[in-house]
Every structure is written in C-alpha cells, then in structure tokens.
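Letter by letter, the chains look like this.
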Amino acid sequence: MAEEENEYKVVLIFSGTLQLGAKIQRHFSPKTFTKLYNALPLEGPFINKRGTVQIFVNFLAGFDKLVQYAKEGSLLYDPRSRSIFLFLESKNCSSFVQLGRIDEEDIQLLKKIPNSGFVKIQKQ
C-alpha cells in the first residue's frame, strides 16, 4: 500500500476562524482510520476543558487499537462517547483509539482554541 493511502491530511476548523492541520494515520487504528476518513466531513459542538478538547461528532467506529497515554497534539477517538478528543497537553487517558496528530507547525495554536463552539473536520 502506498504511503499516501496510509496517511491523510485533515483540517479542523474551530468556530469558523481557527484552523489546525492534522494527519490521520492508518497504522494507529486501521478500522477506525477507514471509517473516519470515509465519514468526513464531520461537524459538531466542542468543549475545551482540563487539557483536552472533546468534539461531539456522534461518530461510531467501535474499539480498535487502544492507547493509555496521549501526547500534546494527539487526536484520539473515544468509542464510549462517540467523540473525538484533541489533547492540548500530554497526559494519561483510558481506552482511547489513536487517530493521528496535529501538524507540528500548528501545535502553538492549541492554546488559542476557544472554550466552546462548533468545529468542522474535513479532508484537506
């Protein structure tokens, strides 16, 4: 399989103003990767609290490869809440599926994400 089929660029647009580039990668969670990419664009409300941004997209993919730790800028999926999480700081997490990461050049923008609003995740 070619590299471009294993990694896709997406954009997260917060409240219509702040844009963050990210990569979702197949090797983290192959089943969830395919379902997520085929479901894009996804839209929903978000809340920024305690070092994470929870994006309520009502996305259903089930459990894939679970992780217990997230680095700053990680994008993870929580099958229990059917939400996508963006980690603003490195921390332990419980039973999340790794999807990808925010682009390194956009990491500094994590601190500018509003407390709440609406987000759209789309293919780049």
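Use the structure listed above.
A brief structural summary. (Residues numbered from 1 in each chain as written. Predicted model: local features only at pLDDT ≥ 70, side-chain atom pairs only at ≥ 80, totals over all residues. Heavy atoms only, no water.)

**Points about unusual backbone geometry**
The linkage connecting leucine 40 with the following residue, proline 41, adopts the cis geometry, with an omega of 5°. Structurally, proline 41 can be placed in the loop between α2 (30-39) and β3 (42-49). Phi angles above zero are rare outside glycine, and serine 15 is one such case at about 50°. Tracing the backbone through its elements, the reader meets serine 15 in the loop between β1 (7-14) and β2 (18-25). With a relative accessible area of 35%, serine 15 lands in the partly exposed category. A positive phi angle is found at arginine 82, which is not glycine, with a value near 55°. In this fold, arginine 82 is placed in the loop between β6 (74-78) and β7 (83-87). Judged by relative accessible area, which is 29%, arginine 82 ranks as partly exposed. (Helix = DSSP H or I, 4+ residues; strand = E, 2+ residues; numbered from the N terminus. Buried < 20%, exposed > 50% of the residue type's maximum accessible area, 1.4 Å probe, protein only.)

**A few points about the environment of proline 79**
Within the secondary structure layout, proline 79 lies in the loop between β6 and β7. With 18 residues separating them along the chain, proline 79 and valine 97 place their C-alpha atoms 7.8 Å apart. If we ignore the near neighbours within four places in the chain, the residues touching proline 79 are Gly62, Phe63, Ser95 and Val97. (Contact = heavy atoms within 4.5 Å.)

Everything listed here is a matter of coordinates, which is why it stays silent on function.
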